[in-house]
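Descriptive analysis of the structure
Spelled out from the first residue to the last, the chains are:
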Amino acid sequence: MSQHVSNVGKTFPANADLSANQHRFVSLTTAGKAQQAGAGAAAVGIQGNKPDAADRATLVALLGSGTAKLVTKTSIGGSIAVGDLLKSTSDGRGEKASSGDRTLVQALAASTADN
């Protein structure tokens, strides 16, 4: 099967040390700085690097950037199956969403906790 995958990324200044948050959901502060997304929060994307201080460049794979599904890695807080809709946990990991939750992405692969 032929596929073309394109992630649209953008850099934002980090709000703090985000070096432990690679592959987790990211939201923006009112100042436009990247921060770890909280539980059920709206996210702009998934962090792709490990900025180790405030104002360092944070690479973010943007959600809803014109592609049907975002293909990137995210940290998982529980087991998921292909097609599951994911939401953000309090520590920015993805977990299976329940009815009524704000969903951010759809899983393209199965995964187990802490992957």
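Heads up: these notes are all about the structure in this document. (Residues numbered from 1 in each chain as written. Predicted model: local features only at pLDDT ≥ 70, side-chain atom pairs only at ≥ 80, totals over all residues. Heavy atoms only, no water.)

Points about the sheet that holds strand S2 (residues 25-28)
What counts here: DSSP-based pairing: two strands are paired if at least 2 bridges between them are found. In DSSP terms, a helix is any run of H or I states spanning at least four residues, a strand is any run of E spanning at least two, and both are numbered starting from the N terminus. Interaxial angles span 0 to 180 degrees and are taken between N-to-C directions of axes, which are lines fitted to C-alpha atoms, for helices over the stretch in contact.
Taken together, the five strands give an open sheet; going across it, the order is S1-S5-S4-S2-S3, and neighbouring strands pair in antiparallel fashion. In this open sheet, the two strands that pair with only one neighbour each are strand S1 (9-13) and strand S3 (34-36). Across the sheet, the axes of successive neighbouring strands diverge by a mean angle of 50 degrees, strand direction being ignored. Summarising the sheet, S1 and strand S5 (residues 57-62) pair through five bridges and their orientation is antiparallel. Paired with Pro13 across the two strands is Ala57, which belongs to S5.

Things to note about the side chain of Thr58
Under the convention used in this document: For this analysis, residues touch if any pair of their heavy atoms sits within 4.5 Å.
Mapped onto the fold, Thr58 is located in strand S5. If we skip the residues at most four places from it in the chain, Thr58 touches Lys10, Thr11, Phe12, Pro13, Ala14, Leu18, Ala34, Gln47, Asn49 and Pro51.

Notes on the sheet that holds strand S6 (residues 85-88)
Pairing is antiparallel in the open sheet, where three strands are placed in the order S7-S6-S8. Each of the sheet's edge strands pairs with one partner strand only, and the pair in question is strand S7 (94-96) and strand S8 (105-106). Two elements, S6 and S7, share three bridges in a ladder whose sense is antiparallel. Across the sheet, residue Ser88 finds its bridge partner in S7, namely Gly94.

Some remarks on the packing of aromatic side chains
Each aromatic ring pair is summarised here by two numbers: the centre-to-centre distance and the angle between the ring planes. Counted only if it meets this: Any pair of Phe, Tyr and Trp rings, taking the six-membered ring for Trp, is counted once the centres come within 6.5 Å. Such a pair is stacked with planes under 30 degrees apart, edge-to-face with planes over 60 apart, and tilted for the rest. Whether a charge lies above a ring is judged from NZ of Lys or CZ of Arg, which has to be within 6 Å of the ring centre and within 35 degrees of the ring normal.
For the structure on display, the rule yields zero aromatic pairs. A cation sits over an aromatic face here: Lys10 above Phe12, 5.4 Å from the ring centre.

Points about the environment of Thr89
Just so we agree on the cut-off: Residue exposure (1.4 Å probe, protein chains only): buried if accessible area is under 20% of the type maximum, exposed if over 50%, otherwise partly exposed.
Here Thr89 is to be found in the loop between S6 and S7. Residue classification places Thr89 among the buried positions, given a relative accessible area of 10%. As for Thr89 and Arg24, which are separated by 65 residues in sequence, their C-alpha atoms are 9.4 Å apart. Excluding residues that lie within four positions of it along the chain, Thr89 makes contacts with Ala37, Gly38, Ala39 and Glu95.

Here's the deal with the environment of Leu28
When you line up the elements, Leu28 lands in strand S2. For the pair Leu28 and Phe12, spaced 16 residues apart in the sequence, the C-alpha separation amounts to 8.6 Å. In this view, Leu28 contacts Phe12, Lys33, Ala34, Gln35 and Val44; residues no more than four positions away in its chain are not counted.

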